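Analysis of the macromolecular model
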Amino acid sequence: MTTPEHFAQFRRDYSGAPLDTSTVSADPFDQFKHWFDDAVTANVNEPNAMTVATSDNRGTPSCRVVLLKSCDHNGFTFFTNYNSRKGYDIAVNPQAALLFFWKELNRQIRISGHVLTLSTEESDAYFRSRPVRAQIAAIVSPQSRIIENRMILERQFESIASQIDAASPERPSHWGGYRVVPEEYEFWQGKPDRLHDRIHYRNSGNSWIIERLAP
Ligand SMILES: Cc1cc2nc3c(=O)[nH]c(=O)nc-3n(C[C@H](O)[C@H](O)[C@H](O)COP(=O)(O)O)c2cc1C
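Below is a summary of the structure that appears in this document. Every value quoted in this text rests on a predicted model; they were computed, and no experiment measured them.

As a structural note, the neighbourhood of the ligand is formed by Glu46, Arg64, Val65, Val66, Leu67, Phe79, Thr80, Ser84, Arg85, Lys86, Gln143 and Ser144. Within the side chain of Lys86, an N or O atom sits 2.6 Å from an oxygen atom of the ligand. Between the ligand and Gln143 there is a distance of 3.1 Å, counted from an oxygen atom to a side-chain nitrogen or oxygen. Look at the ligand: alone it shows 620 Å² of surface, and the protein chains cover 63% of it. At the level of elements, strand E2 (61-67), strand E4 (75-81) and helix H3 (85-92) are the ones that each hand at least two residues to the shell around the ligand. At four residues, E2 tops the list of elements feeding residues into the shell around the ligand. Considering only residue class, the shell around the ligand consists of four nonpolar, four polar and four charged.

All told, the structure shown has eleven salt bridges when counted by the stated rule. Across the pair Arg107 and Asp38 runs a salt bridge, and its minimum N-O distance is 2.8 Å. Of this pair, Arg107 sits in strand E6 (residues 107-117) while Asp38 sits in helix H2 (residues 28-41), and the two are 69 residues apart along the sequence. Taking the relative accessible area as the measure of exposure, Arg107 reaches 9% and is therefore buried. Here Arg179 ties to Glu122 by a salt bridge, and the two come within 2.8 Å at their closest N and O atoms. Of this pair, Arg179 sits in strand E7 (residues 175-189) while Glu122 is found in helix H4 (residues 120-129), placing the two residues 57 residues apart along the sequence. Taking relative accessible area as the criterion, Arg179 reaches 19% and is therefore assigned buried. Judged by its relative accessible area of 31%, Glu122 falls in the partly exposed class. Each of Asp20, Asp197 and Arg212 takes part in salt bridges that share partners, so that together they form one network.

Now for the pairing of E2. Only one face of E2 is buried, namely the one carrying Ser62, Arg64 and Val66, since none of Pro61, Cys63, Val65 and Leu67 on the opposite face is buried. Judged from the seven bridges that link them, strand E1 (residues 49-55) and E2 form a sheet pairing that is antiparallel. Looking at the pairing, Val52 lines up with Arg64 of E2. Hairpin connection, E1 to E2: the antiparallel pair is bridged by five residues, and Gly59 has positive phi, about 85°.

Our focus in this paragraph is the side chain of Gln31. By the element assignment, Gln31 lies in helix H2. When sequence neighbours within four positions are dropped, the list of residues in contact with Gln31 reads Leu19, Val24, Ser25, Phe187 and Tyr201.

Of note, the phi angle at Glu46 is positive, near 45°, even though the residue is not glycine. Mapped onto the elements of the fold, Glu46 is located in the loop between H2 and E1. For Asp193, which is not glycine, the phi dihedral falls at a positive 60°.

Buried together is how nonpolar side chains tend to be arranged in soluble globular proteins. One finds Phe32 and Trp102 to be the most contacted residues of the largest nonpolar core, which totals 30 residues. Those elements giving two or more residues to this core turn out to be H2, E1, E4, strand E5 (95-102), E6, E7 and strand E8 (197-203). The leading source of residues in this core is H2, at five residues. Trp102 has contacts with Phe32, Trp35, Phe36, Ala39, Val44, Pro47, Arg107 and Ile109, leaving out every residue within four places of it along the chain.

A few words now on the side chain of Asn81. Within the secondary structure layout, Asn81 lies in strand E4. Looking at Asn81, the relative accessible area reads 4%, which means it is buried. For Asn81, the side chain forms a polar contact with the main-chain nitrogen of Asn83, separated by 2.7 Å. Once residues lying within four places of it in the same chain are set aside, the contact partners of Asn81 are Gly87, Ser141, Pro142, Gln143, His174 and Trp175.

Moving on, we get to H3. Those residues of H3 not exposed but buried are Lys86, Gly87, Asp89 and Ile90. Down the axis of H3, the smallest arc covering the buried residues is 160°, so these residues share one side. Contacts from the buried residues of H3 go to E1, E2, E4, E6 and E7.

Criteria and thresholds
Residues numbered from 1 in each chain as written. Predicted model: local features only at pLDDT ≥ 70, side-chain atom pairs only at ≥ 80, totals over all residues. Heavy atoms only, no water. Near = heavy atom within 4 Å. Polar contact = N/O pair within 3.5 Å; in protein donor to acceptor, adjacent residues only side chain to side chain. Areas by Shrake-Rupley, 256 points an atom, 1.4 Å probe, with all protein chains shown as cover. Helix = DSSP H or I, 4+ residues; strand = E, 2+ residues; numbered from the N terminus. Nonpolar A, V, L, I, M, F, W, Y, C, P; charged D, E, K, R; others polar. Salt bridge = Lys/Arg side-chain N within 4 Å of Asp/Glu carboxyl O. Buried < 20%, exposed > 50% of the residue type's maximum accessible area, 1.4 Å probe, protein only. Pairing = 2+ DSSP bridges. Contact = heavy atoms within 4.5 Å. Core = buried A, V, L, I, M, F, W, Y, C linked by side-chain atoms within 4.5 Å. Arc of directions from axis to C-beta.

As far as function goes, none of this settles anything; it's purely spatial.
Take a look at the structure:
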């Protein structure tokens, strides 16, 4: 079950449209938008699900999936609990790497850069847009802490839910957004015979340098 022979059955060859330094967008965010639109057209399940890697003050890495909630040339935004493991990591080391894997298209995008905490106005605005039950979950969950059992969580949830009528709850200060400001991007397109295309962008101050990486 866990032998190399077992895993050999999963081997597959990839194919995809050509990706070249001469044809990609000069601006990596435009290239991201182009690929994101392709993912939507291809019906990728949750195309905005991305892996976020952070590391603590000893350099110990950790990663997890979160949902991208907005993006533009200024960065990529997600929301979470500031007292979670990722929150503590970002507090001591405000750097992160993002990864999108769209297997239906044989594509991967890597983005890395520094992390900014969103303003309270931005976090409030997004919190207000969430369904009320998601707002309550953000209030009651001490994300990443050890809890005795699930019942405690459900009781707190129902207790708050029963007190709320028409009015939405306030955003708790422990919950809000981050923006990852990209300093580099890599677009990976799977190709036959493991000769994949990899196009890397690095920020050189006022422009982006575009280079091909070996697969
Ligand atoms: C599809 C998917 C989407 C998720 N979206 C979020 C999200 O937007 N924000 C969040 O805090 N956690 C999200 N999670 C949960 C995280 O992966 C993780 O369990 C949680 O944030 C705690 O991570 P941490 O202990 O490393 O801080 C998502 C998980 C999955 C699988």
